[in-house]
Structures are given as structure tokens and as C-alpha cells.
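Per-entry structural report
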Amino acid sequence: MEALPFDPLPAPENGGRSREEMFSSLSLEMQEFIGREENLHILDYICRLPTEEIGFPEFYPRISRSMKGIKRPNLIYPAGKGLAVHIYPDKEDIRNYYIPIEPCLFRNLEGTVETVEKLLIDIIHDQDITTKDPEEKKKLLEKALEKTCEVEENLKETVMALGGKHKGKKKDTGKGKIILKNENNNKKPGIFENLKEAGKTFRTRKLQKVSVTPEEFNAIKYLMIRDKVRMGMLEPLLLDSNIEDISCSGLGRIFVEHNVFSSLKTTISFEEIEELNSFIIQMSEKVGKPITYRDPIVDTALPDGSRINIVFGEDVSRRGSNFTIRKFMRTPISIFELIEFGTIDYTMAAYMWMMLRAGMNCFFSGETASGKTTMMNAMTTFLPPDSKIVSIEDTPELQVPHKNWTREVTRTTRDDSGSDISMFDLLKASLRQRPNEIIIGEIRGVEGNIAFQAMQTGHPVMSTFHAASVEKLIQRLTGDPINVPKNYVDNLNVVLILSTVNVPGKGLGRRVMSINEIIGYDSANQAFNFMDIFKWDPGTDTFKFTGKNNSYLLEHKIAPRLGISENQVRKIYSELDKRERILRKIHQANIINFYELFNTLIQLEEAGLTS
């Protein structure tokens, strides 16, 4: 269901604003965008906006995080594949509206779609379709729709071009009537109200089509592909690369976390338990993890790689079934984008570059949604390019740029067959694969003990961890159920603490609160020695290099590997400065993309500029 936050004005054909006049008043950029055939529904949406109440929305071909400061945004931007989004201001709520502008938004096609579906069953059944590939299904559905729908204006243009007259009879498409055309005679098309009779006729007539306008056909095609092949009403949200999380907490609206406009409420909502449960069951079947009242929890990946968690049934979720989707980014966020966001700075990035190239073990720690996985993924560009990487995850999220990358994912079954494959199992197996780096999606159980054994035997490890400070991290590592021996903890070299914070004058943002070096365990005093090397200053929103000229790892681990003698260890800070300058110059050359940065670092290494 879609609940718009305004009463739409009449459609142009019903006395509303003229499409031509409205189009001429738009900016050139918006005219170019809307002028494409697949985007004309956006013009209809603008025609029906009560602009006298909220003002005319601005059009942005692209949006950026620099727009975070807009307090009451009223704007439209493309979401992809002919869709657009209207960020609509709500003066009475802290959350503004997120309105997907779809071809079917203002069209009552329920009867027509039902009729088309009945005809499609026969067509697709006759073709004996078995493909599971979404793109093949899409092409197949498009061809079937062309056989099922007669587009009136297109038909008229074709007939007139041949010198004939268009005799097609228009109909009320909202009632789903069927127009039959018999190519063997000149009789007028018959209209069948009875669907059973129409179904029988389909097998005896060569042509049977539903008469629709081009706008109706585009809307029907969009609806069919959206609901039958893709993820239904969630499709616009999944297409929008600016959305980070999609959340349904039960009955009511769906909410999204937007990387520019923070928390927004969508116009998509569930008002009935049956509707919500039906949608969730269909969604779970599409991802190959059918959900039931007996097994009401699913944690898996969507076809596009996004991570979804579903809790099904009112007995375990009092407001009704719920789900949360963590969006998958096709191109990972790079370290330079994180610098632009203010999450980290160049000196910290250069420090991590040196640590990871030297095989230091590193944890990215913080609370939920603090940016741990994003940061860890961005750091993979600093790993030696000739490394063999093994990643181990519950749900595949990482995207490593290295060619020699083994990607392993846990497996959970719903029976007593004993065929589950845990992170513990995969981590043990990885030690036999001679990896140069092991990346663990998240350590939270007994696999942590194996990870530290891997570190002990010289296998560099990176992982995320849920802890808000180094002290809490060590407490969790050495307690149940992880139980890492205390004298093993110093195998962990670097800990980044990340958090979502309220940045003065900028709103919510993610920051690396500190980068810490684990130095060792004092068994006599039963205390761990660690020091913060970098620290975020909330007053100025800058990072302080607190460990300058006092870094244990730089002076005692990295310097010897670079051939710096013990009495000249301070030269290591000149190397850090050099790498900081290199990163700045790469960024200034407008090389920002995750994969482009990785390739650039390879070229610099081959040229001997980073040795």
C-alpha cells in the first residue's frame, strides 16, 4: 500500500495541470530526464503535486553528502531504471517522507492486471518455462506481455501508416475487459466479461489481447517485473544506492536510513497482518529460505547481495512479522570516500596502509551500524596485491579487490541432518589453504579462539567485533564463549574503535574514535598494555596523532621490516608522512573509486614509489 502525504491534484486528462505547460516550466536538466519515454510517469506525478502548499521540488541528477545540511528538503532525484524519488518535507515530524515515483503510482490497474495474469498463465505454461535466471525471466515476461496486451495508440499508428483505419474499440481498462481480435475476418472485436469463457477462447483464437494505453502498458510491465521477478514493493528502495538500511517493524510504514537525509519514512506500509505475512512468505521463497511458524527466523542474502533478517509471526513479534535489510553496494566505499565523509583522515589511512602491508592483525570494533564492515572492506585495498585472501562470513558482504580471493560462507540447515557449516569449521579449514590474510566477517563465538591461534602461527587476521572500547573488547575476548587465553591477546596488534556520533554542526556521522596498539599482557599485574595512537576530538571534529614519535608498532615492528636500524627508528615517521602525501596526491588526481585506488597502489608499488 502507498499512503501519500498529500491529496493529489486531478490528473491532466481530468482537468488538472497541462503536461505541456508543466514540462515547459521545468529546468533543462529535469526536462532531459523526464523527456525519456520510460520517465514520463514522473511528469504526471509533478502535475499532481500541491506545489502551492509545499513549493516546487528541485531536481538533482545526483545527490551528495554535502546536502546533509538541508533541513526541510523538497527535491527529486533519479533512483535508477526509470524511477525517481521525492524527498518530501514533513513540518510536524523529525522524519521527512521518502516517496518512490513509480509508473503505477496513480493508476488503478487491479482489474486489468488480474486479467493479464490469467492470460499469462496460459502463455507461460505453453512455453514450459524452467529458467531461474532473473534476467531470462524478465525477458520472457516482457515477450509474454507483448503477446497479451494490445497497445491502442501504437496499434493506431501502425494501421494508419499502412493506409488503413483503426477500428479498435476503446474500453475501461480498470474493469479488466478483454478485446479479442481475429485476424482471419473483419468482425468487430468481441468483449468477454466472463474470464472462464475467455480462457477457453484463448486456445481457439489466434490472437487475444487486453487493450491498454502505452502508459498503462508501461505500468503493467513495471508491476509484473517488480512483483514476479524482483522484490515487489521493495524494489525502488533496493535500486536506490543512497539507501543503507530498510526497516519494517511490523504493521505500519517502512523506514529507511538514507546516507544523505538520515532516517526517512516511506509511503510504503502494511495495514493488515495477512498482507504483511503474505509478502514476507513470498520474499523468503524468492531468496530460497522459506519461512514458517516452526522456523520463524531467517538471516540470508537477497539476489543483489543485500543482507536480510526476517522474524515471522505475531507470537514472536508482537507488532507483526518484521524484517531489516542492510543494503549491498555494488562498488564498495573507498578509503578516500571515508576521508571525504570525515570518518578517518589521511595520516590514519597511511598508518593503516603500513600496518596491513606488514601483516599486522587488526580488529574493527564498535556498536551496530557504526561502519565496521565498511571500514574493513575499504582497508583491503592496502593489503599486498599478490596476497591470497580467504574471507569467512555468515552473510556475504565483503568485496575484496584481489584476484586470488577465496570467499567462504557459513551454512545453516533446518533439520537434524548435522550438515551445518559454522564459521568455526570454515576458519579451521582456511588454515590449510595457505592464506596470506584471513578476513572474518565478525567474531562473536568460539571461532575467536581459532582466530588467535591463526595469529599465533603467523596468519594475519582482520575481523569486525562488537565492543565500544578496547577494555570491553578484551573482556569479551577473554570471557565466555570466546575464551581466548590472556597471553594470546597481544597477537592482536591494532584495534580501531568506530562509532556513530553527533558531529557539531553536521548532524549524525560515523567516526573512528581511536586507533589503538595492543602492546602486551602483564601477567604479574594481570593487566593489558595498550595505547591510543590516534584519537577523535569532538570539539573540532579532527583527529589527533597522539602516538607521534611514540608508536610501539611503528618503531619496533614496522621499522625493522623496512631496514631502519634501531638507533634511527624515528625515520619511520618520515615514511608515514611520505605515504600520507602519496594518498593526498592520488585523491587530488580524482582517483576515488575503490578498484581504481587498488590498481593505482599496484602501479606505484611496481614503480618502487611505496617501498
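Conventions adopted
- Residues numbered from 1 in each chain as written.
- Predicted model: local features only at pLDDT ≥ 70, side-chain atom pairs only at ≥ 80, totals over all residues.
- Heavy atoms only, no water.
- Helix = DSSP H or I, 4+ residues; strand = E, 2+ residues; numbered from the N terminus.
- Buried < 20%, exposed > 50% of the residue type's maximum accessible area, 1.4 Å probe, protein only.
- Contact = heavy atoms within 4.5 Å.
- Areas by Shrake-Rupley, 256 points an atom, 1.4 Å probe, with all protein chains shown as cover.
- Phe/Tyr/Trp six-rings, centres within 6.5 Å; stacked < 30°, edge-to-face > 60°.
- Lys NZ or Arg CZ within 6 Å of the ring centre and 35° of its normal.
- Pairing = 2+ DSSP bridges.
- Right-handed = clockwise from strand over helix to strand, strands pointing away.
- pLDDT = per-residue confidence, 0-100.
- Axes fitted to C-alpha atoms, helices over the stretch in contact; angles between N-to-C directions.
- Parallel < 35°, antiparallel > 145°, perpendicular 65-115°, else oblique.
- Lys, Arg positive; Asp, Glu negative; His and termini not counted.
- Salt bridge = Lys/Arg side-chain N within 4 Å of Asp/Glu carboxyl O.
- Arc of directions from axis to C-beta.
- Expected span 1.5 Å × (residues − 1).
- Core = buried A, V, L, I, M, F, W, Y, C linked by side-chain atoms within 4.5 Å.

Now for the overall build of the protein. Of the regular secondary structure elements, the protein holds 20 helices and 23 strands. By residue count, 50% of the 611 residues in the protein fall in the buried class. A sequence separation of at least 24 residues applies to 59% of the contacts in the protein between residues at least 6 apart. Of the roughly 30,100 Å² of accessible surface on the protein, a fraction of 48% belongs to carbon and sulfur atoms.

This part covers the packing of aromatic side chains. One pass over the full model with this rule turns up 16 aromatic pairs. Ring centres 6.1 Å apart and planes at 70° place the aromatic pair Phe 6 and Tyr 45 in the edge-to-face group. You can see Phe 6 sitting in the segment before α1 (19–24) and its partner Tyr 45 sitting in helix α3 (residues 40–47), a full 39 residues away along the chain. Residue Phe 6 shares its accessibility class with Tyr 45, and that shared class is buried. Geometrically, the ring pair formed by Tyr 88 and Tyr 97 is edge-to-face, given 6.1 Å between the ring centres and 70° between the ring planes. With a relative accessible area of 5%, Tyr 88 lands in the buried category. Judged by its relative accessible area of 11%, Tyr 97 falls in the buried class. Through a chain of ring-to-ring contacts, the aromatic side chains of Phe 6, Tyr 45, Tyr 88, Tyr 97 and Phe 106 assemble into a single cluster. For Arg 65, the ring lying beneath its charged end belongs to Phe 341, and the centroid distance is 3.5 Å.

We now examine the environment of Tyr 351. Mapped onto the elements, Tyr 351 comes out in helix α13 (residues 346–357). Overall, Tyr 351 belongs to the buried group, its relative accessible area being 0%. When the C-alpha atoms of Tyr 351 and Glu 575 are compared, they prove to be 9.7 Å apart, with 224 residues separating the residues in sequence. Beyond its immediate stretch of four places on either side in the chain, Tyr 351 contacts Val 494, Ile 515, Glu 517, Ile 533, Phe 534, Ser 551, Leu 553, Leu 554 and Leu 576.

Once that is clear, we can look at the side chain of Thr 395. One can find Thr 395 in the loop between β16 (389–393) and β17 (405–409). Classification of Thr 395 by relative accessible area gives buried; the value is 6%. Thr 395 has contacts with Asp 299, Thr 300, Ala 301 and Arg 307, leaving out every residue within four places of it along the chain.

As a further point, take the pairing of strand β18 (residues 437–440). The two faces of β18 match: Glu 437 and Ile 439 on one face and Ile 438 and Ile 440 on the other face are all buried. Bridging between β16 and β18 involves four bridges; their strand directions are parallel. Residue pairing across strands places Val 390 opposite Ile 438, the latter belonging to β18. For β18 and strand β19 (residues 461–465), the ladder comprises three bridges, and the chain directions are parallel. When the sheet's bridge partners are listed, Ile 438 is paired in β19 with Val 461. Regarding topology, helix α16 (residues 447–456) serves as the crossover connection from β18 to the parallel β19, and that connection is right-handed.

Turning our attention to the confidence of the model for the protein. Per-residue pLDDT for the protein averages 87, and the proportion of residues at 70 or more is 89%. Counting contacts from residues 155–206, a segment whose pLDDT is below 50, to residues more than four positions away or on other chains yields 69 contacts.

Backbone-to-backbone hydrogen bonds join strands into a sheet, with any given pair of strands oriented parallel or antiparallel. Taking strand neighbours across the sheet as the criterion, the ten strands line up as β1-β2-β3-β4-β11-β10-β9-β14-β13-β12 in an open arrangement whose pairing is mixed. Either end of the sheet is taken by a strand with one partner, and the two such strands are β1 (58–59) and β12 (297–301). Bridge count between strand β9 (residues 243–248) and strand β10 (residues 252–258): five bridges; the pairing is antiparallel. Counted as the bridge partner of Asp 245 is Glu 257 from β10.

Between helix α18 (residues 552–561) and helix α19 (residues 571–588), the shortest axis-to-axis distance is 9 Å and the interhelical angle comes to 80°. On the basis of their axis angle, the class for α18 and α19 is roughly perpendicular. In contact with Leu 554, Glu 555, Ile 558 and Ala 559 of α18, α19 contributes Ile 572, Tyr 573 and Leu 576.

Another point: the side chain of Glu 408. Structurally, Glu 408 can be placed in strand β17. For the buried Glu 408, no salt bridge is present, and the opposite-charge side chain at shortest range is Lys 388, 8.0 Å distant. The residues contacting Glu 408, other than those within four sequence positions of it, are Val 390, Ser 391, Ile 392, Glu 393, Leu 426 and Gln 433.

Turning next to helix α17 (residues 470–478). Looking only at α17, the buried set comprises Val 470, Leu 473, Ile 474 and Leu 477. End-on, the buried residues of α17 take up no more than an arc of 95°, which puts them together on one face. Lining the buried residues of α17 we find β15 (362–366), α16, β19, β20 (494–503), β21 (507–522) and β22 (527–537).

Here we take up unusual backbone geometry. In this model, Asp 480 is joined to Pro 481 through a cis peptide bond whose omega is 0°. Notably, Asn 483 is not glycine yet its phi reads approximately 55°, a positive angle. By the element assignment, Asn 483 lies in the loop between α17 and β20. Taking the relative accessible area as the measure of exposure, Asn 483 reaches 35% and is therefore partly exposed. Located in the positive-phi region is Gln 526, a residue other than glycine, with phi close to 50°.

The first and last C-alpha atoms of helix α9 (residues 214–229) sit 22 Å apart over 16 residues, in line with the 22 Å expected at 1.5 Å per residue. The set of residues buried in α9 consists of Glu 216, Phe 217, Ala 219, Ile 220, Tyr 222, Leu 223, Met 224, Ile 225, Arg 226 and Val 229.

Here the focus is the pattern of salt bridges. Under the criterion given, the structure shown has 25 salt bridges. The shortest N-O distance in the salt bridge between Asp 44 and Arg 107 comes to 3.7 Å. Here the residue Asp 44 occupies a position in helix α3, and Arg 107 occupies one in the loop between β4 (96–101) and α5 (110–126), the gap between them amounting to 63 residues. Exposure remark for Asp 44: the relative accessible area of 12% places this residue in the buried category. Arg 226 is the partner of Glu 102 in a salt bridge, and the nearest nitrogen-oxygen pair spans 3.0 Å. Of the two residues, Glu 102 sits in the loop between β4 and α5 while Arg 226 sits in helix α9, which places them 124 residues apart along the sequence. In terms of burial, Glu 102 and Arg 226 fall into one category: buried.

Moving on, we come to the nonpolar core. Among the nonpolar cores identified, the biggest contains 59 residues, and Tyr 98, Leu 234, Leu 237, Ile 246, Ile 254, Met 283 and Phe 323 are the most heavily contacted of them. It is α9 that provides the largest number of residues to this core, a total of eight residues. Setting aside residues up to four positions removed in sequence, Met 283 forms contacts with Met 231, Leu 234, Ile 308, Ile 310 and Phe 323. Core analysis: the next-biggest nonpolar cluster, separate from the first, contains 58 residues, Ile 339, Trp 353, Met 355 and Leu 498 among them.

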